[in-house]
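Descriptive structure summary
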Amino acid sequence: MATNNQQSYRSLEEIRQRKNELRIQLDRDSQKINKLWSGVFVKRDEATKGEFIANVISNGALAIDAFLMMRKLHKSYNTFSGFFKRKKG
């Protein structure tokens, strides 16, 4: 996040002032990051039985879809890695 702002300072007081401004900005940014970081690991409430069943069905459908896609790729290219190779000519 470094910027190439070339500033010329005329005194040590200007340097101290800029240093304090940067420290305040860093503290503010650090507080924002800490708030966002703590929000990432919020404990979720227990799911009801209906939500649990909906999640199981959704995950099952996703697994079946992934299996069918891989089967189709294998059938078309005879290998999974063949899908990622360039065709010559």
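Look up a bit, the structure's there.
Residues numbered from 1 in each chain as written. Predicted model: local features only at pLDDT ≥ 70, side-chain atom pairs only at ≥ 80, totals over all residues. Heavy atoms only, no water.

Remarks on the overall build of the chain
The secondary structure content of the chain amounts to 2 helices and 0 strands. Of all 89 residues assigned to the chain, the portion counted as buried reaches 2%. As presented, the chain carries roughly 9500 Å² of accessible surface, and 57% of it is formed by carbon and sulfur atoms. (Helix = DSSP H or I, 4+ residues; strand = E, 2+ residues; numbered from the N terminus. Buried < 20%, exposed > 50% of the residue type's maximum accessible area, 1.4 Å probe, protein only. Areas by Shrake-Rupley, 256 points an atom, 1.4 Å probe, with all protein chains shown as cover.)

Here we look at the pattern of salt bridges
Oppositely charged side chains can pair when the atoms bearing their charge come close. For the structure on display, the rule yields 1 salt bridge. In this structure, Arg18 engages Glu21 in a salt bridge whose closest nitrogen and oxygen atoms are separated by 3.6 Å. With Arg18 and Glu21 both in helix α1 (residues 12–40) and 3 residues apart, this pair spans about one turn of that helix. For Glu21, a relative accessible area of 39% translates into the label partly exposed. (Salt bridge = Lys/Arg side-chain N within 4 Å of Asp/Glu carboxyl O.)

Points about a nonpolar patch on the surface
Where nonpolar side chains cluster on the molecular surface, the patch consists of Phe52, Ile53, Val56 and Ile57 and spans about 410 Å² of accessible area. You can see Val56 is positioned in helix α2 (residues 49–77). (Patch = residues over 30% accessible without salt bridge, like charges linked within 9 Å, V, L, I, M, F, W, Y side chains within 5 Å.)

Details of α2
With 29 residues, α2 ought to run about 42 Å at 1.5 Å a step, and its terminal C-alpha atoms sit 42 Å apart, in line with that. A positive phi of about 65 degrees marks Asn78, the residue just after α2. (Expected span 1.5 Å × (residues − 1).)

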